[in-house]
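For reference, the chains in residue letters:
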Amino acid sequence: MVRFLAIVANHLYQQSMQWASSLHQRMKDAAAWEALTDHGGLTVYVHRTCDSSRQSIALYQNAGVILGTLFKRSTDVSDSERRWMIEARQTMDILRTNGRSLLQTDWGSYLLFLRCPEEHTIRVLRGPAGTLPCYYLTYHRCVVLVSHTADLLWLCPDSLSINWDSIRAQAAAGDYLTHETGLREVAAVLSGECLAIHDGKVTHHSYWNPCTLCTDPVPDLADAAALLRRETRRCVSAWASLHESVLLLLSGGLDSSIVLSCLRTASTRTRVIAVNFYSEGAGDERRFARSMAERTSTELQEIPSQLSIDLRDFLHCSLTPSPVLNFTAFDVEPTMQRMARRHNATAILTGETGDDVFGHAPAPEALSELLQHSAQMLRFFSAAMDYAELTRISVWRAMQLAYRSLKWSRRIGVWSVYRHRNLVGQSHEDSLASQEALRAYEAMIPRYTHPWFKAAERMPLGKAMLIYSIIKITSSMTHSPFCETDGVPMMTPLASQPLLEAALRIPSHTHFSGAENGAVARAAFRADLSPQVLNRGTGKGTPAAWARSLLDHNATVLGDLLLEGLLVQQGVLDRSKIQSLLSKEVSRTRVGMAELIRQIYMEIWLRRWARAGARL
């Protein structure tokens, strides 16, 4: 992944220019960085551990630079492999549209830095569905943009403090993925968003919103399967074209199995090593992974999940702008990094977002989606019968849930995970968050609702979880605290823009046509999947048993991490709830494992930044 640092200096202010000049001198003295562009108030530096010739594309006549990976819409070949500069005609289109035209001609994981001299404005566009992160702050009337927030510690010393509102929101419900980060002074550039920087002021412009892209539906199962197959294979093949050797996290589920099948049929013939992490009980899916490895003649390595991880080791993890909530990351990611180095793999691929792209988990909202249009009533009754048979409930109950979901959505207007959990009956009684934190978050729901969902009235209800999945993969998962700063990148080909746009066109009920779970994906890849994976039904492996063993192993550590932690001191977590929790065997409490690990992540994140000098 590209590691960059950019500065936009305001020529109108002497203080701005003095600090920018001082920074430029420091960067020149630091052998680890090189300047890609330095003109018109914009300077972009890239860390030398990145291959800047492969990871950057210049615009014609020094109009700007694109960092990351770019693919042409019309081909599966990486644009950064084929050229080092955007030609004059496309550059003029990009300037004329303030960067919007790039979304129509190209896709990938990229950042565009664009000079608009007539407006005296610098624009920064983060590509849709890209996982290349971008954060910014204003310092001495300069706007500083980085991919790694740890770089801000030596750029802007004593300028960072904890954003306790964001921490309360995350502790209460996890529905926190907006411009704000866990650091008060640092903001995130969202996926598909463009920043306009003028006279030291920053304005946000949304160029890509999936809530508004659910148009031109493809309701026919065969047509939907053909569309899904074409775009999935094209996107996986495009990412594979960048690498001679990759690792693939192969759980044995439908999503990663489809990625493997696409890798094995890609024209690039990238070497693939599949890796399966397993634990006892429901977490052991080796038989499914083995069946796919055998079918595709792929090398498979099986790794037992670690049970002896010391949670205190988290205190040495990397600094991130917000706590990262990946349930098994501290077990899986360091191991994958070591394996990648050992096998000379230059990327780690996953099947993340596949559940939502392929419609693996049917929900009543898929039926509510049909109720949003009066012309769909006949299809609604047919879909309700499929849903009832698949979920083993009565047809009347299925229709009742659909009407309830539609009524709820009209009443609250704006969609959020917190409100969705209330709808499906998930209680917050088992949360470790204090009542004060829960009430504070409820009062801040509009503030911590992602901007995409503020246009949710135009969104089919069944697409909410897919869109939320896009938000997660492009926000909280872009920068792992458990990998080296410049480690082997983890890639999510199923979160590619063309595939997501195709998935948004497929009506949600189509995914359980004929009472078959993931019906479109199964129809699309029926010839490529092993019978074991194809016929495994709705069940999925779970790391719950591994998590319970891990937490019981760390029972004595939990008191120090939570009971005496900053979250309790600040009233974010309820001390009495934690005391009650620790008085029992952790694995036998009502508190969910994901909830407990989430709060541990947050506590250690706070301690890491406090130790690094952030103000509490």
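Reading the values: the criteria
Residues numbered from 1 in each chain as written. Predicted model: local features only at pLDDT ≥ 70, side-chain atom pairs only at ≥ 80, totals over all residues. Heavy atoms only, no water. Helix = DSSP H or I, 4+ residues; strand = E, 2+ residues; numbered from the N terminus. Buried < 20%, exposed > 50% of the residue type's maximum accessible area, 1.4 Å probe, protein only. Contact = heavy atoms within 4.5 Å. Pairing = 2+ DSSP bridges. Phe/Tyr/Trp six-rings, centres within 6.5 Å; stacked < 30°, edge-to-face > 60°. Lys NZ or Arg CZ within 6 Å of the ring centre and 35° of its normal. Salt bridge = Lys/Arg side-chain N within 4 Å of Asp/Glu carboxyl O. Axes fitted to C-alpha atoms, helices over the stretch in contact; angles between N-to-C directions. Arc of directions from axis to C-beta. Parallel < 35°, antiparallel > 145°, perpendicular 65-115°, else oblique. Left-handed = near helix turned anticlockwise from the far one by under 90°. Expected span 1.5 Å × (residues − 1).

Asks: Tell me about the overall build of the chain, and please be specific about residues and values.
Replies: In terms of helices and strands, the chain carries 26 helices and 18 strands. Counting the 616 residues in the chain, one finds 60% classified as buried. Of the contacts made within the chain by residues no fewer than 6 positions apart, 74% connect residues no fewer than 24 positions apart.

Asks: Give me the lowdown on the sheet that holds strand 11 (residues 187–188), citing residues and values where you can.
Replies: The six strands are arranged 2-3-1-10-9-11 in an open sheet whose pairing can be described as antiparallel. Pairing within the sheet leaves two strands with one partner each, and these edge strands are strand 2 (33–39) and strand 11. The sheet contact formed by strand 2 and strand 3 (residues 42–47) spans six bridges and is antiparallel. Looking at the pairing, His-39 lines up with Leu-42 of strand 3.

Asks: Can you tell me about the packing of aromatic side chains, naming the residues and giving the values?
Replies: Using the criterion set out here, one finds nine aromatic pairs in the structure. Pairing Trp-107 with Trp-239 gives two aromatic rings, centres 6.0 Å apart and planes at 80 degrees, and the pair type is edge-to-face. Here Trp-239 lies in helix 8 (residues 221–240) and Trp-107 lies in strand 7 (residues 106–116), a separation of 132 residues in the sequence. No difference in accessibility class separates Trp-107 from Trp-239, as the two residues are buried. Between the aromatic rings of Trp-208 and Trp-452, the centroid separation amounts to 5.7 Å while the plane-to-plane angle is 70 degrees, which identifies the pairing as edge-to-face. With Trp-208 in the loop between strand 13 (201–206) and helix 8 and Trp-452 in the loop between helix 17 (435–443) and helix 18 (464–474), the pair connects residues that are 244 residues apart, well separated along the chain. In this structure, Trp-208 and Trp-452 share a single accessibility class: buried. Across from the ring centre of Tyr-278, 3.6 Å away, lies the NZ or CZ of Arg-286, which sits over that ring.

Asks: Provide a residue-level description of the pattern of salt bridges, including the pertinent values.
Replies: Opposite charge on two side chains lets them pair, provided their charged atoms get close. If you walk through the whole model with that rule in mind, you get 22 salt bridges. Among the salt bridges present, the one from Arg-447 reaches Asp-165, with a minimum N-O distance of 2.8 Å. In this pair, Arg-447 sits in the loop between helix 17 and helix 18 while Asp-165 sits in helix 7 (residues 164–172), placing the two residues 282 residues apart along the sequence. Residue Arg-447 is classed as partly exposed on the basis of its relative accessible area, which comes to 38%. The exposure class assigned to Asp-165 is partly exposed, which follows from its relative accessible area of 26%. Here the salt bridges do not stand alone but share partners, grouping Asp-165, Arg-168, Glu-180 and Arg-447 into one network.

Asks: Can you lay out the sheet that holds strand 17 (residues 348–349) for me, pointing to particular residues and giving the numbers?
Replies: Spatially, five strands are ordered 16-15-14-17-18 in an open sheet, and the strand pairing comes out parallel. Edge positions in the sheet fall to strand 16 (299–304) and strand 18 (490–491), since each has one partner strand and no second. Here strand 17 pairs with strand 18 via two bridges, running parallel. In the sheet register, Ile-348 faces strand 18, and the bridge partner there is Met-490. Strands in contact with helix 9 (residues 254–265) are strand 14 (245–249), strand 15 (271–278) and strand 17; relative to strand 14, the strand with the most contacts, it is inclined by about 160 degrees. In this fold helix 11 (residues 329–342) packs onto strand 14, strand 15, strand 16, strand 17 and strand 18, with an angle of close to 150 degrees to the strand it touches most, strand 15.

Asks: An account of helix 4 (residues 88–96) is needed here, citing residue identities and associated values.
Replies: For helix 4, every residue scored as buried is listed here: Gln-90, Thr-91 and Ile-94. Looking down the long axis of helix 4, one finds its buried residues gathered within 105 degrees of arc, a one-sided arrangement. Counted as exposed and oriented over 90 degrees from the buried face of helix 4: Arg-89 and Arg-96. Phi for Asn-98, located one or two positions after helix 4, is positive at around 55 degrees.

Asks: An account of the packing of helix 8 against helix 19 (residues 497–505) is requested, with residue identities and associated values reported.
Replies: Relative to each other, helix 8 and helix 19 sit at 165 degrees, their axes nearing to 9 Å. By the angle class used here, helix 8 and helix 19 are roughly antiparallel. Considering only the axes of helix 8 and helix 19, their crossing is left-handed. Contacts between helix 8 and helix 19 involve Leu-227, Leu-228, Glu-231, Thr-232, Arg-234 and Cys-235 from the first element and Pro-498, Leu-499, Ala-502 and Arg-505 from the second.

Asks: Explain the side chain of Gln-599 residue by residue, including any values.
Replies: Along the polypeptide, Gln-599 turns up in helix 26 (residues 593–612). Other than its neighbours up to four places away in sequence, Gln-599 contacts Ala-171, Leu-432, Leu-562, Leu-567 and Leu-573.

Asks: Provide a residue-level description of the pairing of strand 12 (residues 193–198), including the pertinent values.
Replies: Counted residue by residue, strand 12 has five buried out of six residues, so it is predominantly covered. Direction of pairing for strand 8 (residues 121–126) relative to strand 12: antiparallel, over a ladder of four bridges. Bridge pairing in strand 12 links Val-124 to Leu-195. Direction of pairing for strand 12 relative to strand 13: antiparallel, over a ladder of six bridges. Each bridged residue has a counterpart across the sheet, and for Leu-195 the counterpart in strand 13 is His-204.

Asks: Could you give an account of the environment of Leu-566, with specific residues and numbers?
Replies: One can find Leu-566 in helix 24 (residues 566–569). Measuring from C-alpha to C-alpha, the distance between Leu-566 and Ile-604 comes to 9.1 Å, with 38 residues separating the pair along the chain. When residues no more than four places from it in sequence are discounted, the contact partners of Leu-566 are Trp-164, Glu-603, Leu-606, Arg-607 and Leu-616.

Asks: How would you sum up helix 11? Please name residues and give values.
Replies: Over its 14 residues, helix 11 runs 20 Å from end to end, which matches the ideal 20 Å to within 8%, given 1.5 Å per residue. Counting buried residues in helix 11 gives 10 out of 14 residues, a clear majority hidden from the surface. Those residues of helix 11 lying buried are Ala-329, Phe-330, Asp-331, Val-332, Glu-333, Thr-335, Met-336, Gln-337, Met-339 and Ala-340.

Asks: I'd like a rundown of unusual backbone geometry, residues and numbers included.
Replies: The phi angle at Ser-297 is positive, at roughly 55 degrees, despite the residue not being glycine. Mapped onto the elements of the fold, Ser-297 is located in the loop between helix 10 (286–296) and strand 16. If you check the backbone angles, Ala-515 has positive phi at about 60 degrees while not being a glycine. Here Ala-515 lies in the loop between helix 19 and helix 20 (519–525). A relative accessible area of 16% places Ala-515 in the buried class.

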